[in-house]
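For reference, the chains in residue letters:
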Amino acid sequence: MSEPTTEGTPTPASTSTEGTPVPITKSAEKKLAKKKENEARLALKAAKAAKAAAAAPAGGEKKAKKEKGKEEEAPFVNNTPPGKKKDLSEPMASGYNPIAVEAAWYDWWDAQGFFAPQLTEEGQIKPEGLFVIPSPPPNVTGSLHIGHALTVAIQDCLVRWNRMLGKTTLFVPGFDHAGISTQSVVEKRLLKTGVTRHDLGREAFVEKVWEWKNDYQGRITNQLRRLGGSYDWNRVAFTMDERLSRAVIETFCRLHEEGIIYRANRLVNWCVKLNTTLSNLEVEQKQLEGRTLLNVPGYDPKEKFEFGVLTSFAYPIDGSDEKIIVATTRPETMLGDTAIAVHPQDPRYKHLHGKFAKHPFVDRRIPIIADDIVVDMSFGTGAVKITPAHDPNDYEVGIRHNLDFINILNDDGTFNDNAGDKFKGMKRFHARVAVVEALKDLGLYVETKDNPMQIPICSKSGDIIEPILKPQWWVNCKPLAEEVTKRTRAGELYIQPKASESEWYRWLENIQDWCISRQLWWGHRCPAYFVNIEGVEQDRNDGKNWVVGRTLEQATERAKKLAGDAKFTLEQDEDVLDTWFSSGLWPMSILGWPEQTRDLQMFYPTSLLETGWDILFFWVARMALLGLKLTGKMPFPEVLCHAMIRDAHGRKMSKSLGNVIDPIDVIQGLDLESLHAKLYEGNLDEREIQKAKAGQKKDFPKGIPQCGTDALRFALCAYSGGGRDINLEILRVEGYRKFCNKIFNATKFAMLKLDEKFVPEPTAKPTGKESLVEKWILHKLNLAAEEINKQLTERNFMNATGAAYNFWLYELCDVYIEAMKPMTDEHASETMRRSSQQTLYTCLDYGLRLLHPFMPFVTEELWQRLPRRPNDSTPSIMLSKFPTFDKSFEFTQAEHDFDLVFSAIKSARALAASYNIQQNLHVYIRAQEEAEAELFKSQVPTFLALTKNCKSVEVVRDLSGVPAGCGSEVLTPTIFVHVLVRGQVDIDSEIVKCEKKLALAQMNLSKIVKTESQEDYESTVPANVRLANEEKRKTLEADIQLLEHSIEMFKQMKE
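In this numbering scheme, every chain counts its residues from 1 along its sequence in written order. For a predicted model such as this one, the threshold for reporting local features is a pLDDT of at least 70, and the threshold for listing and counting side-chain atom pairs is 80 or more; totals across whole chains, interfaces and linings nevertheless cover every residue. Each side-chain value is worked out from all heavy atoms of the structure, with water and hydrogens disregarded.

A. Summary view of the overall build of the protein. Each helix is a run of DSSP H or I of at least 4 residues and each strand a run of E of at least 2, with the numbering of both proceeding from the N terminus. Check the secondary structure of the protein and you find 32 helices and 33 strands. Per-residue burial for the protein yields a buried fraction of 53% across its 1055 residues. Between two residues, a contact is recorded if the distance between any of their heavy atoms is within 4.5 Å. Pairs at least 24 apart in sequence give 78% of the contacts found in the protein among residues at least 6 apart. For the area figures, the Shrake-Rupley method with a 1.4 Å probe applies, and any residue is considered shielded solely by the protein chains shown. As displayed, the protein offers around 47200 Å² of accessible surface, 50% of which is attributable to carbon and sulfur atoms. When charges are counted, Lys and Arg are positive and Asp and Glu negative, with His and the chain ends excluded. Here the site of a charge means NZ on Lys, CZ on Arg, CG on Asp, or CD on Glu. For the protein, the distance from the average position of its 136 positive side-chain charges to the average position of its 146 negative side-chain charges is 3 Å. Summary of the burial criterion: residues with accessible area below 20% of their type's maximum are buried, those above 50% are exposed, and those between are partly exposed, where the area comes from a 1.4 Å probe applied to protein chains only.

Here it is in structure tokens:
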């Protein structure tokens, strides 16, 4: 079997900004080859399993008997040369096989250049408009998960829809280097071999990360192609490409020159595990309700440390026997205390103002200061210990009172010399225990009690964050945020859903300066240089001793001015920039900024930014801040936030829970054993692997069924109705595979109705010769087109897919294709046959187009099998015109008339089902109005075609034409449906049923009559309500009359 992923096209491991392949390592090449081989094997295995399951007989028989004359279909083999159009000259397969259907099309689309922006002959944007999406670049940390598939499904749906509306479209693919995450995962992989990054050194380690990047960019590219994303691969970007790196350096230098980027020694969020600074957005707050014992990364898993408590202890007052009691949630930080604050009006401590406490463990006198900002004298003892170098609030106190800032922590989480001889070298949480014990030994310990609180957790490593002083580069965000807020309120940016918009304003109004330094090796190194002037003592924390430069030459020239005639050396900052700093430039850097490229002039600002609400501030806000500052324009006018995908139980996707789903596994299916095997490809330890296996076995006891890309995309769009969470059930995705099968089989059947002589009319416009059901289906098609366009415009993908689904399943398949059978049999006139064929063709053609944005593969496969209209040379469905509302397809009266007929059909079916009549069905339609009677007489063939096992349909004008022994139902006050049941039912039980229905109808009628009899009814009740009540009353009166007649009839049958 051939490769079922990208149909024989070599997977690009990486691509340059010009779209040319970048060479990958031999090991990466081997991994890709092996992966492709495994995917082919798994797809074949899944296909065989699906066929075996479908062939399994009911009743638990061990072996199924082969049907005579029916050979088993051979496994699909893709013989289409890479980039060539699939040969569809062979007859359609017996059933829908997503692997076969999806093969070859993507490579052909790509090779034909269909994904590139379509311009006018003059090379300009088409008059229909422009639609550009900068695809959120997935991290090269690892393969895509189902959340990324949601992103692709929604974005590509919009891109394909706009392309079919005739617009110039551009969908730019790319990848993010993901500094912290990628470095972390590569370090973990190295540690499994006993090697650290420090063993390798910076240059060799970065080479290892590039190898990882090339490998995973190739894997992700394969996944994106399998998902059908119509990206312009000639414009693929990577955040550390040379072109995008220039944008990063330019931004840093420009903002530094304007004073927006500055250097300062301030408190940062320090992750000991990752050994780097984090922004506030990368820190999660874990809520504790009281005393809690927790494991901490970097410690023995058997060790647990105490959190969620408040520890009180006493400081001795220097030169006195008096003590002052303070409380803290972090006892170890008392080693860095440089003050004790009390409220200036607190009478308990006025005599201590200006005095000192004596530190029990280090040679330090601690001033007692008065501060009415940080101290609440009603809380605790009214005395607060101040650790300016390790607490954000205390930091502000330290600045106000010019306190000492004493850092007690090394970068690796051990205490330094400032902590004193007793504690230096201890790990921070070992020191926590030791400090409390030492306080007890000195008689200074007071108590420990429960304290509900939040603790800061690193979102990347799970480590507990430490606030520490670090000289870093910062962005002053306030002025940038004020301008973005102003432009958003002016209508230059529309955010949906509305809940995200309110969060947007709240975050911008409370924005803090952004620390952009990261202590990593993988990323964009800061283009900042310390000017080390010979013979001069300089402060590295002071930004005045640093220069920035777009090049080393520019930095050197600036350093010369700073040093004057003195000798100097330049030392580039070892830190790299926050990943979000480069990602924040994405919409413009991918188009060539800072150069004024043609792409930038033509496609910027982009049209829409679609992403998850969880990175609205991480990424979207920063793109707005930087884009507006650097270009004067908002980078996009619309932000659409999609939901977060959770598992069927509502849990967040987690590798350790075993509920992370690879979209390729949903596309081609995967058995449970293979699911388990994939767990070993990651960095989970054995304990986590066993936990994940249990989760997989519970959620996917038979593995993941083969669903195909189209079913997956459709399901993900169908889930997207504006909520914040999606609880994904694979069974629902499998249900949409059955929908694909329905479309496939319906088209296959319909093609049989289009004989070899059939030629489509030059246009789809109705000829005027259409029958009632043809007008009805064309009207429904028109309504579906109008609704889908409306819902896609409003970004309601749930309603859009619902409209497409309903048209295909309940109107085209269930009604028209069945109703047209008598119009194409040997008794039908040539005019009727040709008209019904033209209508069927229009419905298939337009119906497939309506589905294409959601289901690109199966729609292309089926559309290519349809004949083309004369003079129509459209090469692909993706370039065809998307159906919109067409006045010539509007048949309102026909819709009303056929809906009435179809209601009678459904009523007859329901009556037959209620009486359990499964054959020889005889139906009588009693229509009191002449026009209604004529309508039903004209539709008897349709009635027979749409009512299973119906032998006859007779239209009568009064009860005398209805034989005794019928079950009956009121359709309207003037139309009644009767089904002959004599000899097939228990008469006594039918009398009881009718009497119960009669009692209920009489009760409901009395309620309406009572309502209508009220004195002020005419003046107080709205006209539409009165009209509805009148209609209900007439229907109930007719229902009562019919039930009384039925009871009398059944009683006579007994006699």
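B. Looking closely at empty space enclosed by the protein. Note on definitions: the grid is 1 Å and covers protein atoms alone; a cavity is a set of points where a 1.4 Å probe fits but cannot get out; a pocket is an open set with protein on both sides within 12 Å along at least five of seven lines; lining residues have an atom within 4 Å of a point. Grid points are joined across faces, edges and corners, and a volume is the space filled by probe spheres set on the points. Throughout the structure, instances matching the rule amount to four cavities of 30 Å³ or more. Volume-wise, the second largest cavity comes out at about 60 Å³. In this structure, the second largest cavity is lined by Arg-330, Glu-332, Thr-333, His-390, Ile-408, Leu-409, Phe-415, Arg-428 and Glu-466. The residue inventory of the lining of the second largest cavity, partitioned by class, reads three nonpolar, two polar and four charged. Gly is put with the polar residues, along with every residue not named as nonpolar or charged; the nonpolar set is Ala, Val, Leu, Ile, Met, Phe, Trp, Tyr, Cys and Pro, and the charged set is Asp, Glu, Lys and Arg.

C. Spotlight on the packing of aromatic side chains. Only the six-membered ring of Trp is used, alongside the rings of Phe and Tyr, when aromatic pairs are assigned; centres must lie within 6.5 Å, and planes under 30 degrees apart are stacked while those over 60 apart are edge-to-face, with the rest tilted. By the definition in use, this model includes 36 aromatic pairs. Judged by centre distance (5.8 Å) and plane angle (50 degrees), the rings of Phe-758 and Tyr-841 are tilted. Of this pair, Phe-758 sits in the loop between α22 (730-753) and α23 (772-793) while Tyr-841 sits in helix α25 (residues 830-851); the two residues are 83 residues apart in sequence, bridging distant segments of the chain. As far as the burial class goes, Phe-758 and Tyr-841 line up, both buried. Of the aromatic side chains, those joined through ring pairs into one cluster are Phe-714, Tyr-736, Phe-739, Tyr-805, Tyr-810 and Phe-854. Positioned over the ring face of Phe-356 is Arg-365, at 4.0 Å from the centre of the ring. Put simply, a charge is over a ring when the Lys NZ or the Arg CZ is close to the ring centre, within 6 Å, and near the line of the ring normal, within 35 degrees.

D. View of the sheet that holds strand β33 (residues 975-980). Being paired, for any two strands, means DSSP has found at least two bridges between them. The four strands lie next to each other as β31-β30-β33-β32, forming an open sheet whose pairing is mixed. Either end of the sheet is taken by a strand with one partner, and the two such strands are β31 (950-956) and β32 (966-972). Adjacent strand axes in the sheet meet at a mean angle of 20 degrees, parallel and antiparallel pairs treated alike. Of the pairings in the sheet, the one linking β32 to β33 comprises six bridges and is antiparallel in character. Bridge assignment links Glu-969 to a residue of β33, and that residue is Val-977. Geometry is summarised by axes, namely lines fitted to C-alpha atoms with helices restricted to the contacting stretch, and by angles between N-to-C directions that run from 0 to 180 degrees. Packing of helix α27 (residues 892-914) onto the sheet brings it into contact with β30 (921-927), β32 and β33, and relative to β32 it is tilted by some 150 degrees.

E. Layout of the packing of helix α5 (residues 179-191) against helix α7 (residues 202-226). Their axes nearest at 10 Å, the elements α5 and α7 cross at an angle of 105 degrees. Classified by the angle their axes make, α5 and α7 are roughly perpendicular. Touching Thr-182, Gln-183, Val-185, Val-186, Glu-187, Arg-189 and Leu-190 of α5 are Phe-205, Val-209 and Trp-212, all from α7. Tallied by class, the residues present in the contact of α5 with α7 amount to six nonpolar, two polar and two charged. When an angle is under 35 degrees it counts as roughly parallel; over 145 it counts as roughly antiparallel; between 65 and 115 it counts as roughly perpendicular; any other value is oblique.

F. The arrangement of the nonpolar core in detail. Counting 168 residues, the largest nonpolar core has Trp-808, Val-923 and Ile-925 as the members making the most contacts within it. A per-element tally of this core places helix α24 (residues 797-819) first, with 13 residues. For our purposes a nonpolar core is just a set of buried Ala, Val, Leu, Ile, Met, Phe, Trp, Tyr and Cys residues, chained together by side-chain atoms within 4.5 Å. The next biggest cluster of nonpolar side chains, apart from the first, holds 63 residues, and it includes Val-172, Ile-261, Tyr-604 and Phe-636.

G. Molecular detail of the side chain of Gln-519. Inspection of the secondary structure puts Gln-519 in the loop between β21 (517-518) and β22 (528-533). Overall, Gln-519 belongs to the buried group, its relative accessible area being 15%. Any pair of N or O atoms that falls within 3.5 Å is considered a polar contact. Within protein, one atom must be able to donate a hydrogen and the other to accept it, and sequence-neighbouring residues count only if both atoms are side-chain atoms. There is a polar contact of 3.1 Å between the side chain of Gln-519 and the side chain of Gln-472. Apart from residues no more than four positions distant in its own chain, Gln-519 is found in contact with Arg-197, Trp-270, Asn-275, Thr-276, Thr-277, Gln-472 and Asp-575.

H. Representation of the sheet that holds strand β26 (residues 609-612) within the structure. Taken in spatial order, the three strands of this open sheet run β19-β27-β26, and their pairing is parallel. Every interior strand has two partners, whereas the edge strands, β19 (494-496) and β26, have only one. Shown here is a sheet whose adjacent strand axes are inclined to one another by a mean of 20 degrees, direction ignored. Sheet analysis places β19 next to strand β27 (residues 638-642), joined by three bridges and oriented parallel. Bridging from a neighbouring strand, Ile-495 pairs with Val-639 of β27. Against the sheet, helix α4 (residues 146-164) engages β26 and β27, with an angle of about 140 degrees to β27. Helix-sheet contacts for helix α17 (residues 616-631) involve β26 and β27, and the interaxial angle to β26 is about 160 degrees.

I. The pairing of strand β5 (residues 261-271), seen in detail. In terms of burial, β5 is largely enclosed, as eight of its 11 residues are buried. As paired elements, β5 and strand β6 (residues 276-278) share three bridges and run antiparallel to each other. The residue of β6 that forms the bridge with Cys-271 is Thr-276. The hairpin formed by β5 and β6 contains four residues between the paired strands, and Asn-275 there has a positive phi angle of roughly 60 degrees.

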